[in-house]
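# Chains, contacts and geometry: an overview
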Amino acid sequence: MKIQEEVVSLLDEVLSLNGRGLRFDADTPLLGSVPELDSMAVLAVIHAIEERFGIEVPDDEVDGTSFATVGTVVEFVTRLSGKWRHQPLEP
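A few points on the structure. (Residues numbered from 1 in each chain as written. Predicted model: local features only at pLDDT ≥ 70, side-chain atom pairs only at ≥ 80, totals over all residues. Heavy atoms only, no water.)

### Overview of the nonpolar core
One recurring pattern in soluble globular proteins: nonpolar side chains tend to sit buried together. Worth spelling out the cut-off: The criterion is simple. A nonpolar core is a set of buried Ala, Val, Leu, Ile, Met, Phe, Trp, Tyr and Cys residues joined through side-chain atoms within 4.5 Å. Only protein chains enter the accessibility calculation, which uses a 1.4 Å probe; a residue whose area is less than 20% of its type maximum is buried, one above 50% is exposed, and one in between is partly exposed. In this description a helix means any DSSP run of H or I spanning at least four residues, a strand means any run of E spanning at least two, and both kinds are numbered starting from the N terminus. Contacts: residue pairs with any heavy atoms within 4.5 Å of one another.
If you look at the biggest cluster of nonpolar residues, it comprises 27 residues, and the most contacted ones within it are Val7 and Ile49. Residue assignment for this core shows that the elements contributing at least two residues are helix 1 (3–14), helix 2 (39–53) and helix 3 (70–84). Among the elements that make up this core, the one with the highest residue count is helix 2 (7 residues). If we ignore the near neighbours within four places in the chain, the residues touching isoleucine 49 are Leu10, Gly54, Ile55, Val57, Val73 and Val77.

What follows is the structure, encoded as structure tokens:
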């Protein structure tokens, strides 16, 4: 599965969007636009990203711009996958 599909699925699950998140595309705004994505939910999403993609997310890599849109989350995961995995995931 491509990273964007995985990210969309992860967001839908972690944020309990009941399928609403499955319609998200790369341009879908997140922080400030999806009420379920508050500061505690960001931590849950980061934890889920680490588990699902097998990567480590260092604290200094996390900022609000990484969660601005679905596309920025995909870029965030892709970038960290390249740093922390032996084989990069398909974008």
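### Quick look at helix 1
The line we're drawing: One less than the residue count of a helix, multiplied by 1.5 Å, gives the span that helix is expected to have.
For helix 1, spanning 12 residues, the distance from its first C-alpha to its last is 16 Å, which sits close to the expected 16 Å at 1.5 Å a residue. The set of residues buried in helix 1 consists of Ile3, Glu6, Val7, Val8, Ser9, Leu10, Leu11 and Asp12. Downstream of helix 1 by a residue or two, serine 16 has a phi angle that is positive, lying close to 55°.

### Brief notes about the packing of helix 1 against helix 2
Using the following cut-off: Simply put, an axis is a line fit to the C-alpha atoms, just over the touching stretch for a helix, and the angle between two N-to-C directions goes from 0 to 180 degrees. Between 65 and 115 degrees an angle is taken as roughly perpendicular, under 35 as roughly parallel, over 145 as roughly antiparallel, and anywhere else as oblique. Each crossing gets its hand from how the near helix is turned against the far one by less than a right angle, where anticlockwise is left-handed and clockwise is right-handed.
Their axes nearest at 10 Å, the elements helix 1 and helix 2 cross at an angle of 135°. In terms of orientation, helix 1 and helix 2 fall into the oblique class. The crossing of helix 1 and helix 2 is right-handed. Contacts from Ile3, Glu6, Val7, Ser9, Leu10, Leu11, Glu13 and Val14 in helix 1 reach Ala44, Val45, Ala48, Ile49, Arg52 and Phe53 in helix 2.

### A closer look at the packing of aromatic side chains
Put simply, the test is: Pairing of aromatic rings covers Phe, Tyr and the six-membered ring of Trp, with a centre-to-centre limit of 6.5 Å; geometry is then stacked below 30 degrees between planes, edge-to-face above 60, and tilted otherwise.
Applying the stated rule across the entire model yields 1 aromatic pair. Taken together, a centroid distance of 5.7 Å and an interplanar angle of 55° make the contact between phenylalanine 67 and phenylalanine 76 tilted. Exposure remark for phenylalanine 76: the relative accessible area of 2% places this residue in the buried category.

### Comments concerning helix 2
The test is simple: The directions from the helix axis to the C-beta atoms are what the arc is built from.
Between the first and last C-alpha of helix 2 there are 21 Å, a value that for 15 residues agrees with the 21 Å anticipated at 1.5 Å per step. Burial in helix 2 covers these residues: Ala41, Val42, Val45, Ile46, Ala48, Ile49 and Phe53. Down the axis of helix 2, the buried side of the element spans an arc of 165°, and every buried residue falls inside it. Of the exposed residues in helix 2, those oriented more than 90 degrees away from the buried face are Met40, Leu43 and Glu51. Positioned one or two residues after helix 2, glycine 54 has a phi angle of 65°, which is positive.

### As for the pattern of salt bridges
Just so we agree on the cut-off: By salt bridge we mean one thing: a side-chain nitrogen of Lys or Arg within 4 Å of a carboxyl oxygen of Asp or Glu.
Under the criterion given, the structure shown has 4 salt bridges. Glutamate 61 serves as the salt-bridge partner of arginine 79, at 2.4 Å between the closest nitrogen and oxygen. Within this pair, whereas arginine 79 is found in helix 3, its partner glutamate 61 is found in the loop between helix 2 and helix 3, the two being separated by 18 residues in sequence. You can call arginine 79 partly exposed: its relative accessible area is 37%. Members of the salt-bridge network, linked through shared partners, are Glu6, Glu13 and Arg52.

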